[in-house]
Amino acid sequence: MRESKPSDKLTRRGFLRGSLVVGASAAVVPQAVADDALQGTVGGATDAPRQDAVAVACTVNGVQQRFSAGPDDSAVAALRQRLGLTGAKIGCGHGACGACTVLVDGRPQVSCLLPAMALNGRTVQTVEGLSGDGSSAALHAVQRAFAGEDALQCGYCTPGFVVEAAAFVDRWRVDKGRLRPSRDEIAAALSGHICRCGAYENIYATVAAACEGRYDRPGVDAQRVDALAKITGQARYTVDVQLKGQLVGRMRRAGVSHGVLRKLDLSAARRVAGVKAVVPLAKEGDKVRYAGQELAAVAAIDAASAQAGLDAILVEIEALKPVVGMMQARRADAPVIFPEGDEGAGAAAEMPVLKAGWNGNVRGPVSSALLSRTKAAGKLLDQRSATEAPDSPSYLSVTSTLQSQAHSSLEPHCAVARWKPDGDLEVWASTQSVRWLAEDIAERFKLKHDAVTVYADHVGGGFGAKVGLQIEGLAAILLARECGAPVGLVLDRAEDIETGGCRPAQEVTVSLAVDPTGALEALGVDAFADTGVSIGGNVGLLARIMYPTPYKRLRDWDVTTNSGAARPFRGPGGPPAFFGLETAIDELAIRRGVDPIKLRRRWDPNPSRQRLYRWAEGLPLWRDRGEPNRDTGRFRTGVGLASAGWFVFQEPGTRVQLDAGRDGIVATCACQDIGTGSRSVVAHAIASVLDISPHAVEVRFGNSQAVPGPMSAGSRTTASVGPAAEDAARQLIEELTEAGADTLGLGLVSAEKGGLRHAQGFLTWQELLAQVPRVTVVGRRRKDQGGYFLPFPVADLTIGKVLPGAVNIAQVRVDTLLGRVEVTQYAIGVGVGRIYTPRLAENQVQGGVLQGIGYTLYEERRQDPGNGRLLTTGLEDYKMAGIGDCPPIDVFFDQEGFDHVPGGGVGLGELCTVGTSAAIANAVAHATGWRPRDLPLRPDRVLAALEAGA
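Keep in mind it's a predicted model, so treat the numbers as computed, not measured. (Residues numbered from 1 in each chain as written. Predicted model: local features only at pLDDT ≥ 70, side-chain atom pairs only at ≥ 80, totals over all residues. Heavy atoms only, no water.)

## Considerations on the overall build of the protein
Phase 1 of the analysis: Tallying secondary structure elements over the protein gives 26 helices and 40 strands in all.
Phase 2 of the analysis: Here the protein has a C-alpha radius of gyration of 28 Å; the compact-globule value for 950 residues is 30 Å, and the two agree.
Phase 3 of the analysis: With respect to the three principal axes, the spread of C-alpha positions in the protein is 95 × 80 × 65 Å.
Phase 4 of the analysis: Sorting the 950 residues of the protein into buried and exposed places 62% on the buried side.
Phase 5 of the analysis: Taking contacts inside the protein between residues at least 6 apart in sequence as the whole, the part at least 24 apart equals 77%.
Phase 6 of the analysis: Just so you have it, the protein exposes about 33,900 Å², and 51% of that area is on carbon and sulfur atoms. (Helix = DSSP H or I, 4+ residues; strand = E, 2+ residues; numbered from the N terminus. Rg over C-alpha atoms; globule rule 2.2 N^0.38 Å. Buried < 20%, exposed > 50% of the residue type's maximum accessible area, 1.4 Å probe, protein only. Contact = heavy atoms within 4.5 Å. Areas by Shrake-Rupley, 256 points an atom, 1.4 Å probe, with all protein chains shown as cover.)

Printed below as a string of structure tokens:
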């Protein structure tokens, strides 16, 4: 049966077109409204004036501007596309994130909801207008404060924050002078903004400092070397790329979560005016396995024409019964999603896929090949389970459930592709791996590696979802090849949440057995992961790196469902693993009447965590926490602790090239900075060796043709680029020393702090570079002297044997009337060795904690249990932590223990977030006596548990 022509317009975030799908019974039923909801233009704007357009005249950043706009065009689209002012960003398209904020007649407005026609006769100021000529003297005090306090990470949200904060500070200074505003006052002013990276602690400090007048004087002192570009709106992201003749790409998606594609007719779409290319992304007979699955892509001269092309595609889908969630998937009568097993399943969800068997939709168990005595461990744990009392101090087995978390970086998945006349290919992508993406593309399209160049100047967050070739990149490349013109394709927020990746929902059972001496005798972890249409869960493996025991049984199962593919999310497998493990250990400590730190100190030999346990014991936050469940009023306060660990990953093939001459020092590497400060690490590493300012080093990232660089994933980047940059700097000193002696004839010379000493005096490196030929050196990362888990690299990745550690302490306040859990104070100790850029590292740790808070309390990617369609389609449905949810977060760095590692330090991006949920849950138990087992800690769950007296 044939899908009817799209007709009735339905209201759901703008005008969406309904469509039809063939049901399993051959009856025609309405296709999901979400089908077309996922195809709209970001921000709801069209790109070209239509017949109903009107002239708009307004003043923008002090300049008179005129442009045409239609009734559906948004102000942000007009500013970005008509005027080229790309500082205002589209993050959500429905006024929930604040990234598009501009001043209209002096008042902050979210420009994605403001019609472009409403700008007529108005005065508009964007972040570019706040910056004047871009000099430090012309910057607004708030911009200088954002740079000086490092109140940013990826920078995608920064322009919106800067504009809103500037308006607040200006009003505050008029009304209150230099009085310092409270955290609550700052939070209220910035409540409409989201920073997915979680830089809120420094944003608080920034606004307070600007109000106090501490940044009134010209000058910017920033550890982050790309801060100036980000605070002025000059940083260029993939969503900002607009090449000559660039077309708009869009994808047609399935509106059902399970079915068979019976017909995909693209012929009518190819005849639509303005459409330049249509390519299939699926073929007739293919299975549809999740709502939002990509079926075809269209390139057109503007968004309206692209949408018309999508509407003209004829789709017939035979609907099948969907499998939504692990409970449905594990039923004996559940439809099998992948009857062909591993061959049909998608890429690894969280880890490389190890061999395992299938039972319906369940794959596994997968157990670590490095474990021995697994059968004996299982026998011991099963015996204890059968004989121990439920409240035994020697045995405990508890099951936790944890929700799916969407990555939802504020810069959505996007790509621009352009084929060159010689057959080479250029791709701009929001990616965590320019080098690896280029290799993936070359392999997919059978091109030479040097024929593909991937660019990523700035990346608006990633968190694990933007590694390798993604569907938006593939579609853009195919469309560009088909039409012979560059094509840009940007997912909107609903598409990004639906198909852009997620942390899989988990069901984790942890079992602990203690021997008569009080030693941990056996550890069992059974983890089931809802990996959607992918495989590769990774919870059991994480439990291996913490507490050594004679017996371990660590098993992972993948449960495939009709949901988009799960992907690695910051600390993949970590939050569920440590939630299960650390809440179980906390409960067992209480049963045994032992201080939770003392129990961990006995069981945990990790040197970093041993030092951090001593640090934690001395904190008033922990020392003065009081007895459990001591409060009796409406509000209950508690303090909880959790330990955490992570791996030491490095890419030994990483190189950093230095080109030095009279025009300065340029460092290049095929790396990318997703907000973690990797550019700044390279600049500071070089500067520390040469004893110069890090701002004297120009760091060029985001070009796959540069010398090999690491991907930004797994906390490997700093540990890879930092040592390579220092090695390059040392080589540069050797070359310049030789050049000074030979080329300049200075005779006996010696390198000293900041330059070269010779018989006639002293030359700084800059003075020397002005007199000698240009020098090029390539630094590399030296071998780790501490040993490795594996004796050889796997995919150019090594794993160090000595592991870092973290200890988390959370204080919460539980509202027993409303069921709300609030984190009121947080302290975290992180043992990773040397810190290259302390301010940036502290910022990243605080952001990791904040993401953990959001995961624990709010975030939940939800599907309709009946049909599998996404329910949380926007940032007003999918709640992330805002500035008001950020408590004071104190960070302590233990910088010992990694002298054997080149550079003396390792990565921290994962380590700082994986233990947060457990610390908060243990704090709730300390406050109320109720032990949380399920995340997120929604008010309904809290109230139900408290009312039941659990």
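From this point, the discussion proceeds with the structure in view.
## Details of the nonpolar core
Phase 1 of the analysis: Residues F146, Y200, I203, V207, L512 and V812 are the most contacted members of the largest nonpolar core, which totals 150 residues.
Phase 2 of the analysis: The element contributing the most residues to this core is helix α5 (residues 158-176), with 9 residues.
Phase 3 of the analysis: Beyond its immediate sequence surroundings of up to four residues, Y200 is in contact with F161, H193, I194, C195, L850, A881, G882, I883 and C886. (Core = buried A, V, L, I, M, F, W, Y, C linked by side-chain atoms within 4.5 Å.)

## Quick look at the sheet that holds strand β25 (residues 505-514)
In any sheet, the strands associate via hydrogen bonds between backbone groups, in a parallel or an antiparallel arrangement.
Phase 1 of the analysis: With mixed pairing, 6 strands are arranged side by side in an open sheet as β16-β17-β27-β26-β25-β18. Bordering the open sheet on either side are β16 (358-359) and β18 (395-402), each of which pairs with just one other strand.
Phase 2 of the analysis: As paired elements, β25 and strand β26 (residues 520-532) share 10 bridges and run antiparallel to each other. Along β26, the bridge assignment pairs L512 with L523.
Phase 3 of the analysis: Against the sheet, helix α17 (residues 574-592) engages β18, β25 and β26, with an angle of about 145° to β18. (Pairing = 2+ DSSP bridges. Axes fitted to C-alpha atoms, helices over the stretch in contact; angles between N-to-C directions.)

## Description of the pattern of salt bridges
Phase 1 of the analysis: Applying the stated rule across the entire model yields 55 salt bridges.
Phase 2 of the analysis: In this structure, R363 engages D558 in a salt bridge whose closest nitrogen and oxygen atoms are separated by 3.7 Å. With a gap of 195 residues between them, R363 in strand β17 (residues 362-367) and D558 in strand β27 (residues 551-560) connect regions that are remote in the sequence. Pair check on accessibility: R363 and D558 agree, each one buried.
Phase 3 of the analysis: A single network of salt bridges, built from pairs that share partners, joins R435, E439, E651, R716 and D796. (Salt bridge = Lys/Arg side-chain N within 4 Å of Asp/Glu carboxyl O.)

## Considering the confidence of the model for the protein
Phase 1 of the analysis: When pLDDT is averaged along the protein, the result is 91, and 93% of the positions lie at 70 or above.
Phase 2 of the analysis: Here residues 1-49 scores under 50 on pLDDT; set against residues more than four positions off or in separate chains, the count is 138 contacts. (pLDDT = per-residue confidence, 0-100.)

## Observations concerning the packing of helix α4 (residues 141-148) against α5
Axes are the key here: two packed helices are described by the angle between their axes and the distance separating the axes.
Phase 1 of the analysis: Running from N to C, α4 and α5 point in directions that differ by 125°, and their axes come no closer than 9 Å. Comparing the axis directions of α4 and α5 gives the class oblique. Relative to α5, the crossing made by α4 is right-handed. Contacts between α4 and α5 pair V142, Q143 and F146 from the former with T158, F161, V162, A165, A166 and V169 from the latter.
Phase 2 of the analysis: For the contact of α4 with α5, the residue count by class is 7 nonpolar, 2 polar and no charged. (Parallel < 35°, antiparallel > 145°, perpendicular 65-115°, else oblique. Left-handed = near helix turned anticlockwise from the far one by under 90°. Nonpolar A, V, L, I, M, F, W, Y, C, P; charged D, E, K, R; others polar.)

## Quick look at unusual backbone geometry
Phase 1 of the analysis: Residue P365 is reached from G364 by a cis peptide bond, and omega for that bond is 5°.
Phase 2 of the analysis: When you line up the elements, P365 lands in strand β17.
Phase 3 of the analysis: Geometrically, the link from L935 to P936 is a cis peptide bond, its omega value of 0° lying close to zero.
Phase 4 of the analysis: On the secondary structure map, P936 appears in the loop between α25 (916-928) and α26 (939-947).
Phase 5 of the analysis: One non-glycine residue, S408, lies in positive phi territory at about 45°.
Phase 6 of the analysis: Structurally, the position occupied by S408 is in the loop between β19 (405-406) and β20 (414-419).
Phase 7 of the analysis: In this structure S408 comes out as buried when scored by relative accessible area, which is 1%.

## Things to note about the sheet that holds strand β28 (residues 635-645)
Phase 1 of the analysis: Here we have 4 strands laid out as an open sheet, ordered β28-β38-β39-β40, and mixed in their pairing. Each of the sheet's edge strands pairs with one partner strand only, and the pair in question is β28 and β40 (889-894). Pairwise comparison of adjacent strand axes, ignoring direction, gives a mean angle of 15° for this sheet.

## Things to note about a negative patch on the surface
Phase 1 of the analysis: Taken together, the side chains of E734, E735, E738 and D742 make up a negatively charged region of the molecular surface.
Phase 2 of the analysis: With respect to the element layout, E738 can be found in helix α22 (residues 717-742). (Patch = residues over 30% accessible without salt bridge, like charges linked within 9 Å, V, L, I, M, F, W, Y side chains within 5 Å. Lys, Arg positive; Asp, Glu negative; His and termini not counted. Charge placed at Lys NZ, Arg CZ, Asp CG, Glu CD.)

## Topic: the pairing of strand β34 (residues 755-758)
Phase 1 of the analysis: One ladder, built from 4 bridges, connects strand β33 (residues 749-752) with β34; its direction is antiparallel. Pairing of E752 across the sheet is with G755, part of β34.
Phase 2 of the analysis: What sits between the antiparallel neighbours β33 and β34 is a turn of 2 residues, in which G754 has the positive phi angle 85°.
Phase 3 of the analysis: Sheet topology note: the β34/strand β35 (residues 761-764) ladder contains 4 bridges and is antiparallel. Counted as the bridge partner of G755 is T764 from β35.
Phase 4 of the analysis: In this structure, the hairpin formed by β34 and β35 is closed by a connection of 2 residues.

## So, empty space enclosed by the protein
Phase 1 of the analysis: Following the criterion strictly, the structure yields 7 cavities of 30 Å³ or more and no others.
Phase 2 of the analysis: Estimates place the volume of the largest cavity at around 70 Å³.
Phase 3 of the analysis: Lining the largest cavity, in full, are C414, A415, A429, S430, T431, L437, K466, G468, L469, Q470, E472 and G473.
Phase 4 of the analysis: The set of elements that each furnish at least two residues to the lining of the largest cavity consists of β20 and α14 (471-483).
Phase 5 of the analysis: When grouped by side-chain class, the residues that make up the lining of the largest cavity number 5 nonpolar, 5 polar and 2 charged. (1 Å grid on protein atoms, 1.4 Å probe; cavity = no way out; pocket = protein on both sides within 12 Å on 5 of 7 lines; lining within 4 Å. Points joined across faces, edges and corners; volume = space filled by probe spheres on them.)

## Notes on the packing of aromatic side chains
For any pair of aromatic rings, geometry is given as the distance between the ring centres together with the angle between the planes.
Phase 1 of the analysis: A full pass over the atoms with the stated rule returns 11 aromatic pairs.
Phase 2 of the analysis: Ring centres of Y156 and Y237 lie 5.4 Å apart, and the angle between their planes is 90°; on these two criteria the pair is classed as edge-to-face. One end of the pair, Y156, is in the loop between α4 and α5; the other, Y237, is in the loop between α8 (227-231) and β10 (247-253), with 81 residues separating them in the sequence.
Phase 3 of the analysis: Given the relative accessible area of 2%, Y237 is considered buried.
Phase 4 of the analysis: Clustering of aromatic rings is evident, with ring pairs tying together W646, F647 and F649.
Phase 5 of the analysis: Positioned above the aromatic ring of F528, the side-chain terminus of R330 is 5.0 Å from the ring centre.
Phase 6 of the analysis: Positioned over the ring face of F635 is R813, at 4.4 Å from the centre of the ring. (Phe/Tyr/Trp six-rings, centres within 6.5 Å; stacked < 30°, edge-to-face > 60°. Lys NZ or Arg CZ within 6 Å of the ring centre and 35° of its normal.)

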